[in-house]
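Single-letter residue listing:
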Amino acid sequence: MQIVPTLNFGGNCREAIHMYEKAFGGQITCLITYREADDPQYNSLLKDDQRDYIYHSELLIGEQRIIMSDHVDIEFKTCYSNFLTIMCDVKEDVQRAYDIMKDGSKTIYPMEATPYSSCRVVFVDKFGIRWGIMTEQTER
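Note that the structure is predicted; figures quoted are calculated from it, not measured.

Enquirer: Explain the sheet that holds strand E4 (residues 64–70) to me, and be specific about the residues and the numbers.
Expert: Strands sit in the order E1-E4-E3-E2 across an open sheet of 4 strands; the sheet is mixed. Looking at the sheet topology across the chains shown, the edges are occupied by strand E1 (6–9) and strand E2 (27–33). Here the strands of the sheet are splayed against their neighbours by 15° on average, with no regard to which way each runs. Pairing analysis gives 5 bridges linking strand E3 (residues 54–61) to E4, with the strands arranged antiparallel. When the sheet's bridge partners are listed, leucine 60 is paired in E4 with arginine 65. Lying on the sheet, helix H1 (residues 13–24) is in contact with E1, E2, E3 and E4; it crosses E3 at an angle near 5°.

Now the structure itself:
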């Protein structure tokens, strides 16, 4: 078995997956629109502008796969209780990723050293996804 984190968006999944790909040096391995999927379960729910929303996508960060999609059948809301933590080798990687993602974000914990990390930042990005980006160690 595998646990695969899944992120849902309200129409801006395409923009988000490209930003995360850049921030974390990831690789988009799948990107399917509702139009391409032609899923009868959703076709009647779609407005014209939603046909190019993302039905299913996958981003590989290191060896970890993340599934992402736009939802058209439920209202999208920001969730503060769940978030993804990205572990980086060095603080420069934390800073680089945060610099790419910080526009339009809301900082929860500013970038700083903690007893368990030489560099940690926690924020909600402009898409409403909460992230923790940090180093695992304190010596770097």
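Enquirer: Before we move on, can you summarise the environment of proline 5 with the specific residues and values?
Expert: Here proline 5 shows up in the segment before E1. It is 6.3 Å that separates the C-alpha atoms of proline 5 and isoleucine 67, two residues lying 62 residues apart in sequence. Setting aside residues up to four positions removed in sequence, proline 5 forms contacts with Gln64, Arg65, Ile66, Ile67 and Leu84.

Quick notes on the rules
- Residues numbered from 1 in each chain as written.
- Predicted model: local features only at pLDDT ≥ 70, side-chain atom pairs only at ≥ 80, totals over all residues.
- Heavy atoms only, no water.
- Pairing = 2+ DSSP bridges.
- Helix = DSSP H or I, 4+ residues; strand = E, 2+ residues; numbered from the N terminus.
- Axes fitted to C-alpha atoms, helices over the stretch in contact; angles between N-to-C directions.
- Contact = heavy atoms within 4.5 Å.

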